[in-house]
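Spelled out from the first residue to the last, the chains are:
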Amino acid sequence: MSLAYSYPKSRFEPAVLVDLNAKAERERLSKAALVGFFRLMSSWQVRDDDARELLGGLSSSSFYEWKKQPDRVLEVDRITRVSYLLGIYKALHILYGDQLADEWVHLPNTNPIFNGRTPLAYMLGGGLLAMQTVRRLLDARRGGL
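Conventions and cut-offs
Residues numbered from 1 in each chain as written. Predicted model: local features only at pLDDT ≥ 70, side-chain atom pairs only at ≥ 80, totals over all residues. Heavy atoms only, no water. Helix = DSSP H or I, 4+ residues; strand = E, 2+ residues; numbered from the N terminus. Expected span 1.5 Å × (residues − 1). Bend = angle between axes of the 7 residues up to and from the residue. Contact = heavy atoms within 4.5 Å. Buried < 20%, exposed > 50% of the residue type's maximum accessible area, 1.4 Å probe, protein only. Axes fitted to C-alpha atoms, helices over the stretch in contact; angles between N-to-C directions. Parallel < 35°, antiparallel > 145°, perpendicular 65-115°, else oblique. Left-handed = near helix turned anticlockwise from the far one by under 90°.

Colleague: For this particular structure, what's the right way to read helix H1 (residues 23-44)?
Modeller: Helical geometry note: an α-helix holds 3.6 residues per turn, so side chains three or four residues apart project in the same direction. Over its 22 residues, H1 extends 30 Å from the first C-alpha to the last, a length consistent with the 32 Å expected when each residue adds 1.5 Å. If you look at H1, its biggest bend is around 40°, right at Leu-29. Among the structural elements, helix H2 (48-54), helix H3 (60-68), helix H4 (76-95) and helix H5 (98-103) are those in contact with the buried residues of H1. In the stretch just after H1, Gln-45 is the one whose phi turns positive, near 55°.

Dropping the structure here:
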């Protein structure tokens with residue numbers, strides 16, 4: 001007699017993970033990621049200096065060049081940052097109405113994670129790991145974890 005667990009059959013198929021180390025995948029995703037990022041920054045009314053920092057510290061000249069011509073290949077770090085931010089945007093729009101969803105990053109937050117700061121200030125100070133934390137917090141709130 002086998003004591004191995006068996007799970008019921010399911011139609012669930014796990015998503016295939018994208019290998020961001022593969023240049024072809026980054027080439028495929030980068031332009032859409034940058035276009036989405038700049039639209040997101042506009043929706044959230046984020047200052048250009050802060051947007052540059054959210055991208056990982058980009059020079060002003062590069063930032064405005066990317067804004068004019070988003071057809072380029074992003075590094076793994078930058079495409080991951082954009083992915084977290086777009087996920088945060090999506091979760092906010094699921095949880096809240098459009099106006100609050102777009103203002104949320106600018107509002108002081110009493111959650112212990114933020115310690116009274118705005119989510120934007122938290123992400124600017126903590127970089128990629130802070131973006132991941134905010135994304136996971138919002139996914140958990142909407143029942144995604």
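Colleague: How should unusual backbone geometry be read in this particular structure?
Modeller: Peptide bonds are, in most cases, trans, and in most cases residues other than glycine have a negative phi. The backbone of Gln-45 shows a phi angle near 55°, a positive value even though the residue is not glycine. Looking at the element boundaries, Gln-45 is found in the loop between H1 and H2. On the accessibility criterion, Gln-45 (65% relative accessible area) is exposed. The backbone of Asn-115 shows a phi angle near 55°, a positive value even though the residue is not glycine. Summarising the element assignment, Asn-115 is placed in the loop between H5 and helix H6 (119-141).

Colleague: Where do I start with the packing of H4 against H6 in this structure?
Modeller: For any two helices packed against each other, the geometry comes down to the angle between their axes and how far apart the axes lie. Two elements in contact, H4 and H6, have axes whose closest approach is 9 Å; the angle formed by their N-to-C orientations is 40°. Between H4 and H6, the interaxial angle falls into the category oblique. Two packed elements cross with a definite hand, and for H4 against H6 that hand is left-handed. Two secondary-structure elements touch here, H4 through Asp-77, Thr-80, Arg-81, Ser-83, Tyr-84, Leu-85, Gly-87, Ile-88, Ala-91, Leu-92 and Leu-95 and H6 through Met-123, Gly-127, Leu-128, Met-131, Gln-132, Val-134, Arg-135, Leu-138, Asp-139 and Arg-141.

Take it as geometry only, folks, not as evidence of what the structure does.
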